[in-house]
Amino acid sequence: IGACAKSGDYGQALSLLEMMRSAELQPNTITYSNVISACERAGEWRGALRLLQQMQEEGVGVDLMVINAAIGACARAGEWERAVSLLEEEMKSQGIAPDVISHN
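Throughout what follows, the structure given in this document is the object of discussion.

Conventions adopted
- For every chain, the first residue of the written sequence is number 1, and numbering continues from 1 along that sequence.
- Predicted model: local features are reported for residues with pLDDT of at least 70 only, side-chain atom pairs are reported and counted for 80 or more only, and whole-chain, interface and lining totals are derived from all residues.
- Only hydrogens and water are removed before side-chain values are computed, so all heavy atoms of the structure are retained for them.
- Under the scheme used here, helices are H or I runs from DSSP no shorter than 4 residues and strands are E runs no shorter than 2 residues, and both carry numbers assigned from the N terminus.
- C-alpha atoms define the radius of gyration in this analysis, and the globule rule sets the expected value at 2.2 Å times the number of residues to the power 0.38.
- Exposure categories follow from relative accessible area, calculated using a 1.4 Å probe and restricted to protein chains: below 20% of the type maximum is buried, above 50% is exposed, and the middle band is partly exposed.
- Pairs of residues are marked as contacts when any of their non-hydrogen atoms sit within 4.5 Å.
- Areas reported here follow the Shrake-Rupley algorithm with a probe of radius 1.4 Å; residue values treat only the protein chains shown as occluding.
- To get an axis, fit a line to the C-alpha atoms, keeping to the stretch in contact for a helix; angles then go from 0 to 180 degrees between the N-to-C directions.
- Just so you know how the angles are binned, under 35 degrees is roughly parallel, over 145 roughly antiparallel, 65 to 115 roughly perpendicular, and the rest oblique.
- Here a crossing is taken to be left-handed if its near helix is turned anticlockwise relative to the far helix by less than a right angle, and right-handed if that turn runs clockwise.
- Under the convention adopted here, Pro, Cys and the residues Ala, Val, Leu, Ile, Met, Phe, Trp and Tyr are nonpolar, Asp, Glu, Lys and Arg are charged, and Gly plus all remaining residues are polar.

Looking only at helices and strands, the protein features 7 helices and 0 strands. When the elements of the protein are put in sequence order from the N terminus, they spell out α-α-α-α-α-α-α. On C-alpha atoms alone, the protein measures out to a radius of gyration of 13 Å, which is about the 13 Å that the 2.2 N^0.38 rule sets for 104 residues. Dimensions along the principal axes, computed over C-alpha positions, put the protein at roughly 35 × 25 × 20 Å. Classification of the 104 residues of the protein by burial places 38% in the buried group. In the protein, of all internal contacts separated by at least 6 residues, the share reaching a separation of at least 24 is 59%. Surface accessibility of the protein: about 5900 Å² in total, with carbon and sulfur atoms responsible for 50%.

This is the structure we're talking about:
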């Protein structure tokens, strides 16, 4: 999944995530971070937000890297209002302090 994140192949990253679930392997924060990063590189902001929501529903910890990747996906797709919402609302609700990357 990490290789998919680096190349922006979000379709393959999602397929691998589903394969993990089929094998009854529980995705963790790092897994989701990589899949959301693949979405970011591909500009798939909707997919990134869906994955962020799935993480929360499954009780998987959301961290700064995950939210930054989701912000990046929104920004890359021109969805600046959603990016700002993640920065201002999601980070606050998760108790995560933004960093330089969050603001860029």
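Another point: unusual backbone geometry. Its identity as a non-glycine residue notwithstanding, Glu24 has a phi of 60 degrees, on the positive side. Position of Glu24 relative to the elements: it lies in the loop between helix H2 (10–22) and helix H3 (29–42).

Relative to the helices and strands, Glu40 resides in helix H3. In this structure the C-alpha to C-alpha distance between Glu40 and Met20, which are 20 residues apart in sequence, comes to 21 Å. Filtering out sequence-adjacent residues up to four positions away, Glu40 remains in contact with Asn68, Ala69, Gly72, Ala73 and Arg76.

Next up on the list: the environment of Glu90. One can find Glu90 in helix H6 (residues 80–94). Taking the C-alpha atoms as reference points, Glu90 and Val62, separated by 28 residues in sequence, lie 9.9 Å from one another. Sequence-distant contacts of Glu90, defined by excluding residues within four places in its chain, comprise Leu52, Gln56, Ile67 and Ser85.

At a minimum axis separation of 8 Å, H2 and H3 run at an interaxial angle of 160 degrees. Taken together, the axis directions place H2 and H3 in an arrangement best described as roughly antiparallel. The crossing of H2 and H3 is left-handed. Counted together, Tyr10, Ala13, Leu14, Leu17, Met20 and Arg21 of H2 and Thr31, Tyr32, Val35, Ala38, Cys39 and Ala42 of H3 form the full contact between these two elements. Partitioned by chemical class, the residues of the contact of H2 with H3 number 10 nonpolar, 1 polar and 1 charged.

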